[in-house]
Amino acid sequence: MWKIAIVDDDFQVLRGLRHIIPWAELDAEFAGEAIDGEEGLELVRRVGPDIVITDLYMPGISGIEMIEKLRGEGFAGRFVIHSGYTDFEYARQAIRLDVDDYLNKPITVDQIREVLFRTIGRLEDSYLENMEKKKLISFVQNYEKQTASEQLAGLLNGTVQANAAAELKLPGPRSHWEDRDQLTAVVELVKTDRITDISVADWHLFRFAMSNVAKELTLTEWPEAEFVWLLGAYSAFVLHISREESPESLAKRLAHFTELVTDSMQRYLGLTVRIGLGQRKSRWTDLKASVDEAFEALNASSPGQGAMELVRRLSHALQRNSEENLWSHLQAYMDKQEAAALGGDTKLFYKVLATELWTLLQYAAGQVDMAITEEEDNGAAIAIVDTVMNRHDLESYLNAKVKTIGIKRQPVISQKHKAAVDFMIGYIHEHYASDLTMDELAGKLFISKNYLNQLFKKVTGETFMNYVIRVRLEKAKALLLEGNYLIYEVAEQVGYQNVPYFSTLFKKYCGMNPSDLLKK
């Protein structure tokens, strides 16, 4: 409701205005009254009305002087002057102070009604304009933040070269990058049963949840840090370090921080992660080397992890459409496996290696959202792994696979639209208990509702409303498992007032009734 205050030294005028203003019709409420300019100043400062109706000639401070003081203090409300005098100089000052209307006493009901409707119309236009500006500023800030994170991920992944790094827009204060050392901690999400064969939408849920936990930890444990996703199951912390900090002190902090990250991911999300640390670098342009060292640490800590490093390298090559790099990585891996081979049946060795490499190549393509489809005409020719007897056969087999497999990229999403979907996902997770609509988000992002829905489905694999429902129900499961709330309380907390409807949705998506989960 709009708040209207009245300032006049005539008690009859005060009573008369309160009586004739059509409060309900204006959707307005009485915010208070004052009998002179001094009291008027205090009233406006205290209640912050949207509209002030004021007399000009009053004891002490005049109406114009009161308005001047309030404008000087930044008061942005609207003023309507009503006076028994016609004075050109006062009218000129009123215009300068952005007064909305100047009325002569006595005022009729129709006059005050017309003036206040007109003033409220201007207020509405002004508020709408400010809201649109705030939305636009918020979107630009989110877009810039997203772009900075993506550029940092590109630097760490090696898709942005160090010689171009000086032009990067990196997250956080520039002083953190210029005046401190950096170190990367690569986080690998281990493929447990819980995350095997999950959908794209589920993957977004896990990523968002992991990002939230990671960012909360950095706020409390390492404020000068950035968290970004690299490729697939890999993410990374970039830890800024004071150049005065000793290696001993840093080692203790790192041990505490990595233990806290792994414990928190397991405790809050039920996810298992492993962390590899790179070396401390004095120049942030060397961070790619720190990432490589972190991956080497991961590989060394678990047998067979060299395959995951190959997946990462193959993913980069596919992402950059570089067949030369792709073959370079495949050849290096074949060389390494041959050197480690300890005799035995060589034919079997190459057959197994052929199957392994093809599996890793398919997995790498999946990591960068690339769909692999065999061409039916050539399927028979390339599918016979039994023909692989030696290194030459192995290379021919993989060459045929690479050349005859149709690798189709998902439709390209612009940075602006990707930022829009990321904003939507974040907004859903923060406001899931509200009555979320596509119309609301379309208004915030300045993108049509239908197109925004298409973008969302293209990126997440499901509709906006389905995603909202699943986020709500995941939160509901967590609340029920806590055991501190009744079913109707949980339903209300996740945005459902109709408990039977909530229970029906819960059973459909979770495979059991809320009451069954409570019993567990």
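Residues numbered from 1 in each chain as written. Predicted model: local features only at pLDDT ≥ 70, side-chain atom pairs only at ≥ 80, totals over all residues. Heavy atoms only, no water.

Asks: Any chance you could explain the overall build of the chain here in plain terms?
Replies: When you go through the chain residue by residue, the secondary structure sums to 22 helices and 11 strands. Looking at the chain residue by residue over its 520 residues, the buried ones come to 44%. Put simply, of all contacts in the chain between residues at least 6 apart along the chain, 66% involve residues at least 24 apart. For the chain, the computed accessible surface area is about 26,800 Å², with 51% contributed by carbon and sulfur atoms. (Helix = DSSP H or I, 4+ residues; strand = E, 2+ residues; numbered from the N terminus. Buried < 20%, exposed > 50% of the residue type's maximum accessible area, 1.4 Å probe, protein only. Contact = heavy atoms within 4.5 Å. Areas by Shrake-Rupley, 256 points an atom, 1.4 Å probe, with all protein chains shown as cover.)

Asks: I'm lost on the sheet that holds strand 4 (residues 78-83) in this one. Help?
Replies: By definition, the strands of a sheet pair up through backbone hydrogen bonds, in either a parallel or an antiparallel sense. Pairing in this open sheet of five strands is parallel, and the strands run 2-1-3-4-5 from one edge to the other. For this open sheet the edge positions go to strand 2 (28-34) and strand 5 (101-104), each flanked by a neighbour on one side alone. Direction aside, neighbouring strands of the sheet carry axes that sit 20° apart on average. Here strand 1 (residues 2-7) pairs with strand 2 via six bridges, running parallel. What sits directly across from lysine 3, in strand 2, is glutamate 29. Along the sheet, helix 4 (residues 63-72) contacts strand 1, strand 3 (51-54) and strand 4; its crossing angle with strand 4, the most-contacted strand, is approximately 170°. (Pairing = 2+ DSSP bridges. Axes fitted to C-alpha atoms, helices over the stretch in contact; angles between N-to-C directions.)

Asks: Got a minute to help me understand a negative patch on the surface in this structure?
Replies: Together, Asp27, Glu29, Glu124 and Asp125 make up a negatively charged patch on the protein surface. Mapped onto the secondary structure, glutamate 29 falls in strand 2. (Patch = residues over 30% accessible without salt bridge, like charges linked within 9 Å, V, L, I, M, F, W, Y side chains within 5 Å. Salt bridge = Lys/Arg side-chain N within 4 Å of Asp/Glu carboxyl O. Lys, Arg positive; Asp, Glu negative; His and termini not counted. Charge placed at Lys NZ, Arg CZ, Asp CG, Glu CD.)

Asks: Would you take a moment to explain the packing of aromatic side chains for this structure?
Replies: To describe a pair of aromatic rings, you give the distance between the ring centres and the angle between the ring planes. Scanning the entire structure with this criterion turns up 15 aromatic pairs. On the basis of an interplanar angle of 80° and a centroid distance of 5.1 Å, the ring pair of phenylalanine 237 and phenylalanine 257 is categorised as edge-to-face. Here phenylalanine 237 is found in strand 8 (residues 234-241), whereas its partner phenylalanine 257 is found in helix 9 (residues 247-269), with 20 residues between them in sequence. Between the aromatic rings of tyrosine 496 and phenylalanine 502, the centroid separation amounts to 6.0 Å while the plane-to-plane angle is 35°, which identifies the pairing as tilted. Judged on exposure class, the residue tyrosine 496 and its partner phenylalanine 502 are both buried. In textbook terms, an aromatic cluster arises when at least three aromatic residues are bridged by ring pairs, as seen for Trp222, Phe227, Trp229, Phe237 and Phe257. Residue placement shows arginine 267 over the ring face of tyrosine 268; its charged tip is 5.5 Å from the ring centre. (Phe/Tyr/Trp six-rings, centres within 6.5 Å; stacked < 30°, edge-to-face > 60°. Lys NZ or Arg CZ within 6 Å of the ring centre and 35° of its normal.)

Asks: So what exactly am I meant to see when it comes to the packing of helix 19 (residues 464-482) against helix 21 (residues 499-510) here?
Replies: Relative orientation and spacing of two packed helices are given, respectively, by the angle between their axes and the distance between those axes. Across the interface, helix 19 lies against helix 21 with an axial gap of 10 Å and an inter-helix angle of 95°. When the interaxial angle is binned, helix 19 and helix 21 end up roughly perpendicular. Contact residues: helix 19 offers Asn466, Ile469, Arg470, Leu473, Ala476, Lys477 and Leu480, while helix 21 offers Phe502, Leu505, Phe506, Tyr509 and Cys510. Partitioned by chemical class, the residues of the contact of helix 19 with helix 21 number nine nonpolar, one polar and two charged. (Parallel < 35°, antiparallel > 145°, perpendicular 65-115°, else oblique. Nonpolar A, V, L, I, M, F, W, Y, C, P; charged D, E, K, R; others polar.)

Asks: Would you take a moment to explain the environment of glutamate 395 for this structure?
Replies: In this fold, glutamate 395 is placed in helix 15 (residues 391-404). Glutamate 395 sits in the partly exposed class, given a relative accessible area of 25%. Once residues lying within four places of it in the same chain are set aside, the contact partners of glutamate 395 are Trp327, Gln331 and Met334.

Asks: Sorry, what's going on with the sheet that holds strand 8 here?
Replies: In space, the four strands of this open sheet follow the order 7-8-6-9, with antiparallel pairing throughout. Two strands close off the open sheet at either side, each with one partner strand: strand 7 (225-229) and strand 9 (273-277). Averaged over all adjacent pairs, the angle separating strand axes in this sheet is 20°, with direction ignored. With five bridges connecting them, strand 6 (residues 181-189) and strand 9 associate as antiparallel partners.

Asks: When you look at unusual backbone geometry in this model, what are you seeing that I'm missing?
Replies: Most of the time, phi is negative for any residue but glycine, and the peptide bond is trans. Even without being a glycine, aspartate 27 presents a positive backbone phi close to 55°. Along the chain, aspartate 27 falls in the loop between helix 2 (23-26) and strand 2.

Asks: Just to check I follow, could you spell out the pattern of salt bridges for this structure?
Replies: Any two side chains of opposite charge can pair, so long as their charged atoms come close to each other. If you walk through the whole model with that rule in mind, you get 20 salt bridges. Its salt-bridge partner being glutamate 25, residue arginine 113 comes within 2.4 Å of it at the nearest N-O pair. Placement of arginine 113 in helix 6 (residues 109-157) and of glutamate 25 in helix 2 is noted, with a sequence separation of 88 residues between them. Using a relative accessible area of 43% as the deciding quantity, one classes glutamate 25 as partly exposed. Salt-bridge contacts for arginine 470 lead to glutamate 462; the nearest nitrogen and oxygen are separated by 2.9 Å. Per residue, the accessibility class of arginine 470 equals that of glutamate 462, and both read buried.

Asks: Looking at this model, I keep getting lost on the nonpolar core. Mind explaining?
Replies: Looking at soluble globular proteins, one finds that nonpolar side chains tend to be buried together. Grouped together as the largest cluster of nonpolar side chains are 37 residues, with contacts concentrated most on Met424, Ile428, Leu452, Phe456, Phe464, Phe502 and Phe506. Elements with a minimum of two residues in this core: helix 8 (200-221), helix 16 (415-431), helix 17 (438-445), helix 18 (449-460), helix 19, helix 20 (487-493) and helix 21. Among the elements that make up this core, the one with the highest residue count is helix 19 (nine residues). In this structure, Val187, Leu217, Trp222 and Ala225 belong to the second largest nonpolar core, which totals 26 residues. (Core = buried A, V, L, I, M, F, W, Y, C linked by side-chain atoms within 4.5 Å.)

Asks: What is the right way to read the side chain of histidine 176 from this model?
Replies: Tracing the backbone through its elements, the reader meets histidine 176 in helix 7 (residues 174-178). The class of histidine 176 is buried, set by a relative accessible area of 14%. If sequence neighbours within four positions are ignored, histidine 176 has contacts with Gln182, Glu224 and His240.

Asks: I keep staring at the environment of valine 109 and nothing clicks. Help me out?
Replies: Relative to the assigned elements, valine 109 resides in helix 6. In this structure valine 109 comes out as partly exposed when scored by relative accessible area, which is 45%. Along the sequence, valine 109 and glycine 16 sit 93 residues apart, while their C-alpha atoms lie 10.0 Å from each other.

Asks: What exactly am I supposed to notice about the confidence of the model for the chain here?
Replies: Keep in mind that low pLDDT regions are not for reading the predicted coordinates in detail. The share of residues in the chain with pLDDT of 70 or more is 82%, and the mean pLDDT across the chain is 81. Confidence, read as mean pLDDT per element, is least for helix 14 (residues 376-382) in the chain (41) and greatest for strand 8 (94). Predicted confidence is poor over residues 375-383, with pLDDT under 50, and the contacts of this stretch with residues over four places away or in other chains come to 10 contacts. Overall, residues 407-411 carries pLDDT values under 50, and its contacts beyond four positions in sequence, including any with other chains, amount to 11 contacts. (pLDDT = per-residue confidence, 0-100.)

Asks: What should I look at first to understand the packing of helix 3 (residues 37-47) against helix 4 in this one?
Replies: With their axes 9 Å apart at the nearest point, helix 3 and helix 4 run at an angle of 30° to one another. Judged by the inter-axis angle, helix 3 sits roughly parallel to helix 4. At the point where helix 3 passes helix 4, the crossing takes the right-handed sense. Judged by residue contacts, Gly37, Gly40, Leu41, Val44 and Arg45 of helix 3 engage Met66, Lys69 and Leu70 from helix 4. When its residues are assigned to classes, the contact of helix 3 with helix 4 shows four nonpolar, two polar and two charged. (Left-handed = near helix turned anticlockwise from the far one by under 90°.)

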